Amino acid sequence: MNMKRISMVVCLFVAACGGEDGDSAAPPIAYEDMSFEQRVVFMNDVVMPEMKEVFVAFDPKFETMDCTTCHGNGAIDGTYAMPSAQIEALPATEEAFLEYVKDPEKARWSTFMYDEVMTRMADLLQVPKFDHATAPNGFSCSNCHTHTAEEGPSEAP
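S.K.: Could you clarify how one ought to interpret the packing of aromatic side chains in this entry?
M.R.: Here the distance between the centres and the angle between the planes together describe a pair of aromatic rings. Throughout the structure, instances matching the rule amount to 9 aromatic pairs. Each member of the aromatic cluster is reached from another via a ring pair, and the members are Phe55, Phe58, Phe62, Trp109 and Phe112. The ring of Tyr31 has Arg39 sitting right over it, with the charged end atom 4.3 Å from the ring centre. The side chain of Lys129 reaches across the aromatic face of Tyr114, ending 3.8 Å from its centre.

Shown next as structure tokens:
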């Protein structure tokens, strides 16, 4: 039997067997519908390995990536609150952000975060990726990063 046929037979056998006691497997639960405990398992078993791979491919220093890399103190206190004040705050306005990405290293990171991290996280969480026109409430930088305080005109005493 060639490898293609063996693979097909195995797939058919697995599909025919179903879950335990002949029940079919439960459909996957959307992240937003998961309990806190289910989210912790999902983050450890799915998100962490996949995102670690993405980050290590970008910069090998992330080989030691763990929950605190993104969640900071929230990983320590068990809340896993996001956005995290322990990762770099981003400029609050579009004008300030355009100034921020004039730095080549900030531009490199911003491109990586937008193209790789936001896209992958939106897919994993089963939510749309932020888009001004089609998904203004989609997964964005603000889900993970805080923003610097906007500096307005100073008022005279």
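After that view, the rundown keeps rolling.
S.K.: How do you make sense of the environment of Asp59 when you look at a structure like this?
M.R.: Turning to its location among the elements, Asp59 is positioned in the loop between α2 (36-58) and α3 (67-71). With residues near it in sequence (within four places) discarded, Asp59 still touches Arg108 and Trp109.

S.K.: What is the right way to read the packing of α2 against helix α6 (residues 104-125) from this model?
M.R.: Helix-helix packing is characterised by the crossing angle of the two axes and by the distance between the axes. Close contact between α2 and α6 brings their axes to 11 Å; oriented N to C, the two are set at 155 degrees. Overall, the two elements α2 and α6 adopt an arrangement that is roughly antiparallel. Taken as a pair, α2 and α6 cross one another with a handedness that is right-handed. For the pair formed by α2 and α6, the contact residues are Phe42, Met43, Val46, Val47, Glu50, Met51, Val54, Phe55 and Phe58 on the first element and Arg108, Trp109, Phe112, Met113, Glu116, Val117, Arg120, Met121, Leu124 and Leu125 on the second. Partitioned by chemical class, the residues of the contact of α2 with α6 number 15 nonpolar, no polar and 4 charged.

S.K.: Any chance you could explain the side chain of Ser110 here in plain terms?
M.R.: Counting through the fold element by element, Ser110 comes out in helix α6. With residues near it in sequence (within four places) discarded, Ser110 still touches Phe97, Tyr100 and Val101.

S.K.: For this particular structure, what's the right way to read the state of the cysteines?
M.R.: Defined simply, a disulfide is a covalent bond joining two cysteines at their sulfur atoms. Counted according to the given criterion, the structure contains 0 disulfides. A disulfide-free cysteine, Cys67 has its sulfur positioned 8.8 Å from the sulfur of Cys70, the nearest such atom. Under the relative-accessibility criterion, Cys67 is labelled partly exposed at 27%. In this structure Cys70 is a free cysteine whose sulfur lies 6.2 Å from that of Cys144, the closest cysteine sulfur available.

S.K.: Whenever I open this one, the side chain of Ser140 confuses me. Can you help?
M.R.: For Ser140, the position within the fold is in the segment after α6. Residues in contact with Ser140, not counting those within four places in the same chain, are Met118 and Phe130.

S.K.: Mind showing me how you'd approach the environment of His145 here?
M.R.: Looking at where His145 falls in the secondary structure, it is placed in the segment after α6. Along the sequence, His145 and Pro83 sit 62 residues apart, while their C-alpha atoms lie 5.1 Å from each other. Apart from residues lying up to four places away in sequence, His145 is in contact with Pro83, Ile87, Glu88, Leu90 and Met113. A polar contact is formed between the side chain of His145 and the backbone oxygen of Glu88, at a distance of 2.6 Å.

S.K.: It is not clear to me how the environment of Asp77 should be interpreted in this structure. Could you clarify?
M.R.: Position of Asp77 among the secondary structure elements: in helix α4 (residues 73-77). Judged by its relative accessible area of 52%, Asp77 is exposed. Separated by 2.7 Å, the side chains of Asp77 and Thr79 make a polar contact.

S.K.: So what exactly am I meant to see when it comes to the pattern of salt bridges here?
M.R.: When the charged atoms of two side chains with opposite charge come close together, those side chains can pair. Applying the stated criterion across every chain, the model contains 4 salt bridges. The partner of Arg120 in a salt bridge is Glu50, and the shortest N-O contact between them spans 3.1 Å. With Arg120 in helix α6 and Glu50 in helix α2, this residue pair connects regions lying 70 residues apart in the sequence. Glu105 is paired through a salt bridge with Arg108; the nearest N and O atoms lie 3.0 Å apart. Of this pair, Glu105 and Arg108 both sit in helix α6, 3 residues apart, which is roughly one turn of the helix. Under the relative-accessibility criterion, Glu105 is labelled partly exposed at 39%.

Rules used in this analysis
Residues numbered from 1 in each chain as written. Predicted model: local features only at pLDDT ≥ 70, side-chain atom pairs only at ≥ 80, totals over all residues. Heavy atoms only, no water. Phe/Tyr/Trp six-rings, centres within 6.5 Å; stacked < 30°, edge-to-face > 60°. Lys NZ or Arg CZ within 6 Å of the ring centre and 35° of its normal. Helix = DSSP H or I, 4+ residues; strand = E, 2+ residues; numbered from the N terminus. Contact = heavy atoms within 4.5 Å. Axes fitted to C-alpha atoms, helices over the stretch in contact; angles between N-to-C directions. Parallel < 35°, antiparallel > 145°, perpendicular 65-115°, else oblique. Left-handed = near helix turned anticlockwise from the far one by under 90°. Nonpolar A, V, L, I, M, F, W, Y, C, P; charged D, E, K, R; others polar. Disulfide = S-S within 2.5 Å. Buried < 20%, exposed > 50% of the residue type's maximum accessible area, 1.4 Å probe, protein only. Polar contact = N/O pair within 3.5 Å; in protein donor to acceptor, adjacent residues only side chain to side chain. Salt bridge = Lys/Arg side-chain N within 4 Å of Asp/Glu carboxyl O.

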